Each structure stands twice: as C-alpha cells, then as structure tokens.
Amino acid sequence: MEVRQVSEGIYEVICGTAHYKEVNKKIKELVKKGAQKIILKEVYGQRYIGTGIRGNVKIDIHGIAGNDLGIFLYGPEIEVLGNAQDGVGNTMMAGKIIVRGHAGDVCGYGMRGGKIYIEGDVGYRVGIHMKGYKDLIPTFIVGGKAGNFFGEYMAGGRLILLGLDKKPGEDIVGDYCATGMHGGVMYVRGEVPQRYLGKEVKVFEVNEEDMKILREELKGFSEAFNISVDEILSEPFVKIVPVSARPYGRMYAHRWGIASGVIK
Amino acid sequence: MIERCEMSGCGLAGIVNRNRKKISGKYIYDSITSMKERGNGMGAGYAAYGIYPEMAEYYAFHVMLDDIDVESEVNAVLNKFFKIVKSEIIPTKNVPSLYKKTKPPIFYRYFVEPKKDAILPLETEEDMVVRVVMTINDKVKGAYVISSGKNMGAFKGVGHPDEIGDFFEIKEYEGYIWLAHTRFPTNTPGWWGGAHPFTLLDWAIVHNGEITSYGTNKRYIEMFGYKCTLLTDTEVGAYLFDLLFRKHRLPIRAVFMAMAAPFWKDINRYKELEKEKLYEMAKMIRTVYAPAMLNGPFAMLFAFKDGVIGFNDRIKLRPFVAAVNGDTVYMASEESAIRVVCKEPEKVWMPKAGEPVIALMKDCKEEDVCYPA
C-alpha cells in the first residue's frame, strides 16, 4: 500500500492486494488529518470501504470495490469507477454511493437513509428490508436490470428500477419481486409480470404526485451518469406499493393485542 | 497471539484454458489467496489438470497417509488391482506457519495401470478404479485417496490457500484447468481429508456453502456402492456427478437440472410457454432423480478433463461470478479474485441461480463429453 498527497486535502492510496483493515485504517487516518477527497487506486475487493467515518469526505474507488461497500455509511460520498460486489450500502444511514458499473447481490440491505445509484445491473436480493422513518427516506436507483427477490420485505424508502440496458424479450426484474413488502414504494420503468410479484403488493399507474417524486429523485442519477431525466421518463413507469402495512400482523401478534383492539 | 477471524463464507476459484494451453499455478494461487478473507485457515486446496503429461496414460493416485507405515498397506491394495508404474512422495516445502495448527500427513502419488484380470465381470475399468478408491478410503486405516484421475491431481490440507499452495509448491505446476478453494468449515471438522477439492476418477469439485440434503443424497449414492468417508457434505457431490454423468450417462444439462432442479411452478411454466419437450424432461428428471437434488445454499465448480462447469443453488444463496477473456474462462466467488489475475476480461457476469456456466474445451462438443476416458 502506497499513500501520497496529490494536493491540499486530496490523497491517493494505491491499495493493490493490501488487507482491508490496513486500507480502512489509512482512510480513517487521512480523514482525521482533514482529507476532503481520497482516491483509492488498484482496489481488489477490499471490504467495508467508507464505514466508520463521518462528514463530507469523498472517496473515489478505481477497481473492484469489495463486499459491504459503505456499510453503515454516515455521510461520505463514494464513487466507484468500476464494478462493486455484494452488499453495497448495507444498513446505510446517510451519504451517497455511485457505482459506474454493475453491483452484486444484497445491495441496499436494511438501508435507512442516503442515496445509491448503480449504473448497470444488480444481482439477487437488492433492496431487501429497506426502511424509512419520518424524514429519513433512502433511495436506491438501478440503471440496469435486477435479479430475483428485488425489494423483498421492503419496509420503507424508494426503490427505482430503470432497465435502461434491457434488450427486447428480457425481464427487467426476477421472480419474488416485492414479496412480503409492507412499506415504501417501488417504481419500475416497464412492466413486471404478475407471476413475479408477491401477494402483498399491488401495481398502479403513476400519478402526478409520483411523477414529481420521480423527477426529483432522478435528478441525482441523471447528473451522476449524464442521462437526461426526460429521456429516462420517456418510457412509462409503474408503481408497486403494499396493500397492507402489516401483512403478518395477525400472524405474529399476541391474542391480547387483537382482543383489546390495539392491533387491527 | 491468536489471529482474530471474522465470519465469512468459503471461497472458490477456477481457471480454464479452452485450448488446453498450460497455465502456471501462480495464477490460481494469486486468485484464491486474494479471497483469503473468505476462509479461516482450516482448509484449502487445489486441483490441476494436465500436470502429468509424460504419465498421461496412467491413473495418478494421490494418497494421503496419516503415517508412513500405512504406505505398505496401500501399496498392497494397489498391487492387487494395478501394475504400479511409478510411486513417489509428493514433494512438499517447509511452511512453518502450518505446523502451528496441524501436523501434515504424508502425501504419496502412484501412477498405475489396471490389471485386466482384476476387473470383475460386468465391471468397467473405471468401475474398478472407483471400487479401489472406496476400498482404500474405507478399509485402510489412516489412508485416503484424494485424487484418482489421469493426468490430474488434487492437493489439499488444513491451512490458508497461500500456506497450502506453498506447501505443495503449486506455482511449480502447469495445467490447463485449475480449481482452488479456501474453506470456512461450519458443521464438519476441518481436517486434511475434509479440505476441498473432492475428486473421483477425473471429476473434481469445490464447493461454497452447505448441502442440507446431505442425508438424502448420501443414502441415495450408497445404494450404488459409493462410501462417504471424508466427514463432509461436499463429498456426495463428487459421487453424484460420477453416478449421473458416467454411470447413467445423462447429458450435461440434465445432470444440472437434477442437482439444482427448477421449482415445480417453473416447470409448469415451460408448459405454458409451449416448451413441451423441456417440460416433460424436467418433470421426469425431478421425479426420477429427486434424491440427487442438492438442497441448501451453495456455489460449486465441477471440473473434469474436458472442462469446468460452475453453478449455483436454485435461489442463489452464495456468490458466483464468471468471466471470459479469449480462450480463458474464469469463475470465482468474487469478481476481485478474477480481476487480480486478469485485469480487463472481455466479459464479466453474475450467472443466474441454477443456470450452469459451461466452459468446455474447444475440441469437444457438449454431447461428446458425458463420458470420461
């Protein structure tokens, strides 16, 4: 591992095959020193990059970002100039992750705030267990297609699937999409076959309110990848929302709760 | 000081040149070592094809011996069935960090030629080799055959992939197919015989995950005379391949349809799509080969003399990435493990659940490779 200062507040780290503990320790050290931008070069799957630091630091990753990129992320902005592996933005709280390539499975798992923009396809189980609370609304936008279990058990936030690279005849999303979903909203640019959807959700046409949200949310994605919002919005979107806020409420609730009327 | 280990999965890697061009062991060593984090030092191993070109016509038996005294017993069993052309200790190097956790057994290799009169009526030559492997594993205490194919071999043990790679001097070998594994044993012991790859004849497999259907699979293959002696679930995979591919002569895609069977609802969908033939075949395979279905989370690489096939469980509970660059195909648990040895492959992708990635030699067609040498 090699470190050099490029200019005031900007550092470059050549990672190679150094252990992730060393790389992350170095990042923390540089942030403490007041680094505003850290450029990681020759990254080969180092894990947990960006975790454990706060503030406005920007991290550029050249190479392949390792598993759990930006896990528990709390503020920093990460840009990957390459592909990412599994678990991007796991339990992320605030900040932004941009991936200029594809990403693996279980991205955005339990995400509770911030933005993630993926340029290409994503793997299985993306956006599962995403959640939101009051002003905290996480946004996950996928430019390409998604695998099975997309947004499974989703509880909050916004999951947007664009399928920009989709070829005719290809499915934009896989089986078990939105299974067990009970909160948040999913916007898909194209059609989702009914047989892929969980029983807990319904598909709607987007209304004006939705278009306003989409326009707003797509701004960041459009800037990141230089595609105009109008071009993205030129194809029809559908909205997928849960029919019940607590689909399993009665299954697990104590009989007392139901009898007393606390649980409906 | 004890090094802190974090929970992770196993890791696997495979490199295959489809023109049978030799690749140095250095590449697979670097690839699997970059995923060291996925193992915990309790098992690693390599399988290589094309490493014994001057002995290519003989079966190469790699045998693990708990004690050098057992060698005479192994020799006696082999002598009954084979003419031993050459036998030698597999050269190993001193790796001090290994000895802190384990005492390495002794590794012997035998190049053997079957005696025609040792083959029983109704038995093929390969059947006899399988029988001898089972006999040694089951009857000779302290001896385990870790590979038994032609022009190939397995090297494995308790340690990290770099430690095991240095121990067996993997970088000194050259092969056209390489498999490697780093292990994180969860519910079976981490011992030398339990490390991956698992092999039989020229089949070799490495596996990340867990075969929860082990009991069913084990009972099934035991009905056909296979004996599970290596105390781990992956072993059944190698024997199932031998049964379905070699004995039952199923086509490649049918084998994988049996092992990572599609769901019934998906099979019914074939009918809706008017894929009648596929529907009938899937239905028959699921019915006839129900006990051969592997359940649980896994990614697996399966190699034989004509290629490598990688596949996932049917809902993709373990990572699996593939890449192609020219005639070389790479498969691994993580994309970074491919990039570390091939910076800019022409194509990188994450295969879908249950969908096999088939990388065969250019000189053979899919229909021809169901039967080994």
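Keep in mind the model is a prediction, meaning the values are calculated, not measured. (Residues numbered from 1 in each chain as written. Chains lettered and ligands numbered in written order. Predicted model: local features only at pLDDT ≥ 70, side-chain atom pairs only at ≥ 80, totals over all residues.)

Attention now moves to the packing of helix α9 (residues 264-272) of chain B against helix α10 (residues 276-288) of chain B. Residues and elements named next belong to chain B. It is at 7 Å that the axes of α9 and α10 come closest, and there the two elements cross at 155°. One element, α9, and the other, α10, form an angle in the roughly antiparallel class. Judged by the sense of rotation from one axis to the other, the crossing of α9 with α10 is left-handed. In this structure, α9 contributes Ile267, Tyr270 and Lys271 to the contact, and α10 contributes Glu276, Leu278, Tyr279, Ala282, Lys283 and Arg286. Across the contact of α9 with α10, the residue classes break down as 5 nonpolar, no polar and 4 charged. (Axes fitted to C-alpha atoms, helices over the stretch in contact; angles between N-to-C directions. Helix = DSSP H or I, 4+ residues; strand = E, 2+ residues; numbered from the N terminus. Parallel < 35°, antiparallel > 145°, perpendicular 65-115°, else oblique. Left-handed = near helix turned anticlockwise from the far one by under 90°. Contact = placed C-beta atoms within 7 Å. Nonpolar A, V, L, I, M, F, W, Y, C, P; charged D, E, K, R; others polar.)

So, on to the pairing of strand β10 (residues 183-189) of chain A. Residue and element names in this part refer to chain A. For β10, the tally of buried residues reaches 6 of 7 residues, placing the bulk of the element in the interior. Direction of pairing for strand β9 (residues 155-161) relative to β10: parallel, over a ladder of 5 bridges. Bridge assignment links Leu161 to a residue of β10, and that residue is Val188. In terms of strand pairing, β10 meets strand β12 (residues 237-242) through 4 bridges, oriented antiparallel. Bridge pairing in β12 places Met186 opposite Ile240. (Buried ≥ 20, exposed ≤ 12 C-beta atoms within 10 Å, placed from the backbone. Pairing = 2+ DSSP bridges.)

All names here are of chain A. Spatially, β1-β2-β3-β4-β5-β6-β7-β8-β9-β10-β12-β11 is the arrangement adopted by the 12 strands of the open sheet, whose pairing is mixed. Each end of this open sheet is capped by a strand with a single partner; those strands are β1 (2-7) and β11 (201-205). Averaged over neighbouring strand pairs, the angle between their axes works out to 15° when direction is ignored. Along the sheet, helix α1 (residues 20-32) contacts β1, β2 (10-16) and β3 (37-44); its crossing angle with β2, the most-contacted strand, is approximately 175°. The strands touched by helix α2 (residues 208-225) are β6 (94-99), β7 (115-118), β8 (139-142), β9, β10 and β12; relative to β7, the strand with the most contacts, the crossing angle is about 65°.

We now examine the UniProt feature "active site" (unreviewed entry) in chain B. Residue and element names in this part refer to chain B. The UniProt record marks Cys10 with the feature "active site" (unreviewed entry), using the residue numbering of this structure. Secondary-structure assignment places Cys10 in the segment before β1 (11-17). You can call Cys10 buried: it has 27 C-beta atoms within 10 Å. (UniProt positions renumbered as here; feature names shortened; annotations may be inferred.)

Another aspect to go through is the packing of helix α6 (residues 214-222) of chain B against helix α7 (residues 234-247) of chain B. The angle between the axes and the distance between the axes are what describe a pair of packed helices. All names here are of chain B. As a packed pair, α6 and α7 sit with axes 10 Å apart at the nearest point and diverge in direction by 45°. Between α6 and α7, the crossing angle belongs to the class labelled oblique. The interaxial crossing formed by α6 with α7 has left-handed handedness. Residues Tyr214, Asn217, Lys218 and Ile221 of α6 form the contact with α7, whose participating residues are Val236, Tyr239, Leu240 and Leu243. Residue classes in the contact of α6 with α7 are distributed as 6 nonpolar, 1 polar and 1 charged.

Soluble, globular proteins show a tendency: their nonpolar side chains are buried together. Judged by nonpolar contacts, the single largest core of 193 residues is most densely connected at Leu161(A), Val63(B), Ile205(B), Leu301(B), Ala303(B) and Val308(B). Residue contributions to this core peak at 8 residues, all from α7(B). Both of domain 1 (1-78) and domain 2 (102-264) of chain A provide at least three residues apiece to this core. Beyond its immediate sequence surroundings of up to four residues, Val308(B) is in contact with Gly14(B), Val16(B), Ile177(B), Leu301(B), Phe302(B), Ala303(B), Val329(B), Met331(B) and Ala359(B). (Core = buried A, V, L, I, M, F, W, Y, C linked by C-beta atoms within 7 Å. Domains from an automatic or database assignment.)

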